[in-house]
Amino acid sequence: MGVQFNTSESSSLNSDYPKTMSMPNQFGFGALEAYMVLSSATTNEAFIKKGGGTFYGISLTNTGASDAFIRIFDKASVPVSGTDTAVMTFALQADSVYNLVLPIGVGLVNGLGVNITGAAAVGDDTVIAANQVIGSVFWK
């Protein structure tokens, strides 16, 4: 005996996702957002998104002669270098490219903020050079 499908039920499923909506991918529906990074001679505090969201990765080039460190903050306002504690820190070696794309993103409750400094310590506020770090932060 073959398997029978309820065709009236399956046709109603198509109405849940209009044909104009993009197909789901590993990030859900639609594309990721990209925040462009072009460092200035500061600690590069930036507030990217308010409210819940997801961090999916970074693609950054450190053109400088010294290491740099990008921090990801779960915060509802601009992070304060030297005061706030990041949820993640990534080391960007001198004169190198760093790519990280997570297949399952890291959920953030309050918002997404970043900073880029010149030392690894929690709460570091070491300034990096202008145009030392360039690339993107990917989020949704």
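Every chain begins its residue count from 1, and numbering advances along the sequence as written. With pLDDT at 70 or above as the cut-off, local features in this predicted model cover only qualifying residues; side-chain atom pairs require 80 or more to be listed or tallied, and sums for whole chains, interfaces and linings still use all residues. To obtain the side-chain values, all non-hydrogen atoms of the structure were included, while hydrogens and water were left out.

S.K.: So, unusual backbone geometry: which residues are in play, and what are the values?
M.R.: Positive phi, normally seen in glycine, also occurs at Asn 44, with a value near 55°. The residue Asp 95 is not glycine, and still its phi comes out positive at about 50°.

S.K.: Please provide a residue-by-residue account of a nonpolar patch on the surface, values included.
M.R.: Patch membership is restricted to residues that have no salt bridge and whose relative accessible area is over 30%. Joining uses 9 Å for like charges and 5 Å for the nonpolar side chains Val, Leu, Ile, Met, Phe, Trp and Tyr. Surface exposure here means Shrake-Rupley accessible area, sampled with a 1.4 Å probe, where a residue is shielded only by the protein chains that are shown. Salt bridges are identified by distance alone: a Lys or Arg side-chain nitrogen within 4 Å of an Asp or Glu carboxyl oxygen. Taken together, the side chains of Met 36, Leu 38 and Ile 134 present a nonpolar region at the surface, about 300 Å² in accessible area. Helical segments are the DSSP runs of H or I of at least four residues, strand segments are the runs of E of at least two, and each set is numbered from the N terminus. Secondary-structure assignment places Met 36 in strand β3 (residues 33-38).

S.K.: Explain the pattern of salt bridges residue by residue, including any values.
M.R.: Using the criterion set out here, one finds one salt bridge in the structure. Residues Lys 75 and Asp 84 are paired through a salt bridge, measuring 2.7 Å at the closest nitrogen-oxygen approach. You'll find Lys 75 and Asp 84 in the same group, each marked buried. Each residue is placed in one exposure class: buried if its accessible area under a 1.4 Å probe, protein chains only, is under 20% of its type's maximum, exposed if it is over 50%, and partly exposed if it falls in between.

S.K.: Break down the sheet that holds strand β9 (residues 111-117) for me, with residues and values.
M.R.: Pairing between strands is defined by DSSP: at least two bridges between them are needed. Pairing within the open sheet is antiparallel, and its four strands lie in the order β4-β9-β6-β7. Looking at the sheet topology across the chains shown, the edges are occupied by β4 (46-50) and β7 (88-92). Across the sheet, the mean angle from the axis of one strand to that of its neighbour is 15°, orientation sign disregarded. Pairing of β4 with β9, which is carried by four bridges, proceeds in the antiparallel orientation. Bridge pairing in β9 places Ala 46 opposite Val 114. Orientation is described by lines fitted to C-alpha atoms, with helices fitted over the stretch in contact, and by angles between N-to-C directions that extend from 0 to 180 degrees.

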